[in-house]
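Letter by letter, the chains look like this.
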Amino acid sequence: MKKKSSEKKRHVVAWVNKAEWDQVLEYLYSKDSALQRFALQRISAWKGRYANSTPVAVECTADLVRCQVLDRSSQLDGDDLILLYGAALVRFVNLITERQQGRTARPLRRLAGNLNIPEWVVDLRHDFTHRKLPTLKWCRKGCKVVLEWLQQEFWSRQLGGGPNADWELQSDGEEEETDLKQQEDELIARQKEMEAYKKARELLISFEKEQYQAVGDREKSSWPGPFADMSWLLGEIKQFALESSDLLVDVLLEDGFLVPTVEQLETLGCDTCDTSSPIQPRVPQNFLRFWLPLLKMLNSPSFIHLLLEKLFVELKLLTKEQNNHRTFYLSAWISEVICCNSNKFEYHFETKAQRKNRMKDRIFVNRIQLRWQQLLSACLDAPCISTPHLLQLILDDMEHPLPLETRQRLLQLCSIYTQTAHSEYDPSHEQKQQPIYTLESLQEKLQHSWRHGKPWRSTANSERSESSQEYKWADVQAEKAKVLRGSPWQVCVDKVQWKNYPLGKVPGQSDDPSCLMVENYSTMTVFDQPVEMESSTARSIPGGSAAVRSADGLWNHSDVNKLKSGLQLF
């Protein structure tokens, strides 16, 4: 075999020697962007030597690696990267299959199948040229698969596939059979994955069609649960979730499903302008009821954990790709799930019927033990305008809450990073001491202190009664201050629980009586002071002794002398 291969016709190549070829190959498939740039420069030099006869596989490899380098540099937006990946993938499919086209055009799928190129890569190329652009996630995946195909089918076969291999072409039949089997296994696995993805989309699209038909048949105020004719569809979705829950959640989080389009919102009668203020996002009620039959059927703890994890992962991806609409609905679904798990929003005054109606709009009723530390880390790794609100929900609902000071600092740092108001997410946090310029600002400050000093009630009557009490309290305080104007005394406006202090004692006062003593004083006995008794105060009483009248009775002179002997004045 070696003799036969050595007799083959030799041809001129652009690289200097085998070492340069091995170096470029190693650098191209390295994850270091600097090494990849060096390899791209060497290929540019090869193209200058080749002129118009550069191997197609070399050009396609350089185009795809250039896409990866620019992707890692974070210099381009998501849409620009999609177009860049699309151009490279379209060129790959067209150039690789071009030499197999005869005089009559043949389907690209058949030609790609002959070359062991996955069929879904051809579908990806078809989407780029004729349909809606794929997502950046699929572009990256396609680039990775194509580069692996180029490495196996072209680069590794040119010089033996290893740095110490001979110059002859690979001719070992057993190795070729092994490679073919591996390629077939990989191709089968990818085809199964693509088929599962298509099935998941078909199931969810069928669910949407059934629900839209129900919206057209019934009034929007009486949304149904799982319909009788939908039970089979929900059963298929549940069975699919048991087999491929990860893939089902990935499809659910695509645009057009849990992230609605404007047309879907208009069809359901939802306000399309709700995303203009995404600080505290909530899923529109009609849209929530649209997906409730499916989500209630899938509400196992493992599915809820997976859904929250995927939601935060998708939210993190949007830190580089600005999409306010998608950010709003991803945050809204996170908020919805955490609120369903929280017991903080129970209403003790509601009737059984009211509670039953409220429970209808919840994805699940029983509390789930969530992975709070993991959720907290995921929330902080995906900063957006809604992050302070989501962080507040997580901190309030944790099984083992963090210390109050730690929570306040986390919220404050988060609000600084996202440039949102901290007071909107931490009502217990004291407002900063701002100057009071007008009566309105004083009333607003009083309302805030009163509201957070007492339990908050959400009914309209309680709000009106609290408001009237606030105004009365303010009027009383103003009257007291007016009476004491010019006096060294002033009204205490601090929130002090006076019932905890005995009469005559103030907060912060020491139990030692010496704290009441003045710094400089002198003492004198009462005997040293002249005591004048008016004649009207002294009179004769039976027994012939004079007495002094006091408020409590009559004292004789001996009683007064006893008092004087034990009394001292400052």
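First, a word on what this report is: a plain description of the structure on this page. What you see is a predicted model; the values in this text were computed from it and never measured. (Residues numbered from 1 in each chain as written. Predicted model: local features only at pLDDT ≥ 70, side-chain atom pairs only at ≥ 80, totals over all residues. Heavy atoms only, no water.)

**A few points about the overall build of the chain**
- Of regular secondary structure, the chain possesses 22 helices and 4 strands.
- Out of the 570 residues belonging to the chain, those deemed buried represent 35%.
- Accessible surface for the chain amounts to roughly 36,400 Å². Of this, 52% is attributable to carbon and sulfur atoms. (Helix = DSSP H or I, 4+ residues; strand = E, 2+ residues; numbered from the N terminus. Buried < 20%, exposed > 50% of the residue type's maximum accessible area, 1.4 Å probe, protein only. Areas by Shrake-Rupley, 256 points an atom, 1.4 Å probe, with all protein chains shown as cover.)

**Here's the deal with the nonpolar core**
- The biggest cluster of nonpolar side chains holds 122 residues, and the ones touching the most others in it are Trp-46, Leu-150, Trp-291, Leu-294 and Trp-333.
- Counting residues per element, this core draws most heavily on helix α8 (residues 136-158), at 11 residues.
- Residues in contact with Trp-291, not counting those within four places in the same chain, are Phe-207, Glu-208, Leu-252, Phe-257, Leu-258 and Trp-333. (Core = buried A, V, L, I, M, F, W, Y, C linked by side-chain atoms within 4.5 Å. Contact = heavy atoms within 4.5 Å.)

**Quick word on the side chain of Glu-208**
- As for its placement among the helices and strands, Glu-208 is situated in helix α9 (residues 173-217).
- Of the side chains with opposite charge, Arg-201 lies nearest to the buried Glu-208, which makes no salt bridge, at 7.6 Å.
- Here Gln-264 takes part through its side chain, which lies 3.5 Å from a polar atom of the side chain of Glu-208.
- Not counting the four nearest positions on each side in its chain, Glu-208 is found in contact with Gly-256, Phe-257, Gln-264, Phe-290 and Trp-291. (Lys, Arg positive; Asp, Glu negative; His and termini not counted. Salt bridge = Lys/Arg side-chain N within 4 Å of Asp/Glu carboxyl O. Polar contact = N/O pair within 3.5 Å; in protein donor to acceptor, adjacent residues only side chain to side chain.)

**Regarding the pattern of salt bridges**
- Under the criterion given, the structure shown has 19 salt bridges.
- Among the ionic pairs, Asp-123 bridges to Lys-198, the shortest N-O distance being 4.0 Å. A residue pair is termed long-range when its members are at least 10 positions apart, and Asp-123 in helix α7 (residues 119-130) and Lys-198 in helix α9 qualify at 75 residues.
- You can call Asp-123 buried: its relative accessible area is 13%.
- Taken together, the shared-partner salt bridges connect Glu-59, Asp-63, Arg-66 and Arg-91 into one network.

**Quick word on helix α18 (residues 387-397)**
- With 10 of 11 residues buried, α18 is to be regarded as a mostly interior element.
- Along α18, the residues classified as buried are Thr-387, Pro-388, His-389, Leu-390, Leu-391, Gln-392, Leu-393, Ile-394, Leu-395 and Asp-397.
- Each element contacted by the buried residues of α18 is listed here: α14 (301-317), α15 (324-341), α17 (372-381) and α19 (404-418).

**Concerning the side chain of Arg-362**
- As for its placement among the helices and strands, Arg-362 is situated in the loop between α16 (352-360) and α17.
- Residue classification places Arg-362 among the buried positions, given a relative accessible area of 12%.
- From its side chain, Arg-362 meets the backbone oxygen of Cys-339 in a polar contact 3.4 Å long.
- Non-local contacts of Arg-362, meaning those with residues more than four positions away in its chain, are made with Leu-292, Lys-296, Cys-339, Cys-340, Asn-341 and Ser-342.

**Side note on the environment of Asp-123**
- Taking C-alpha positions, Asp-123 is 8.4 Å from Arg-109, a pair spaced 14 residues apart along the chain.
- The residues contacting Asp-123, other than those within four sequence positions of it, are Arg-109 and Lys-198.

**Here's the deal with α8**
- The end-to-end C-alpha distance of α8 is 32 Å, a good match for the 33 Å that 23 residues give at a rise of 1.5 Å each.
- Residue Gln-151 marks the point of greatest curvature in α8, where the axis turns by about 40°.
- Taken together, the buried positions of α8 are Leu-136, Trp-138, Cys-139, Gly-142, Cys-143, Val-145, Val-146, Leu-147, Trp-149, Leu-150, Phe-154 and Trp-155. (Expected span 1.5 Å × (residues − 1). Bend = angle between axes of the 7 residues up to and from the residue.)

In short, geometric facts, not functional conclusions.
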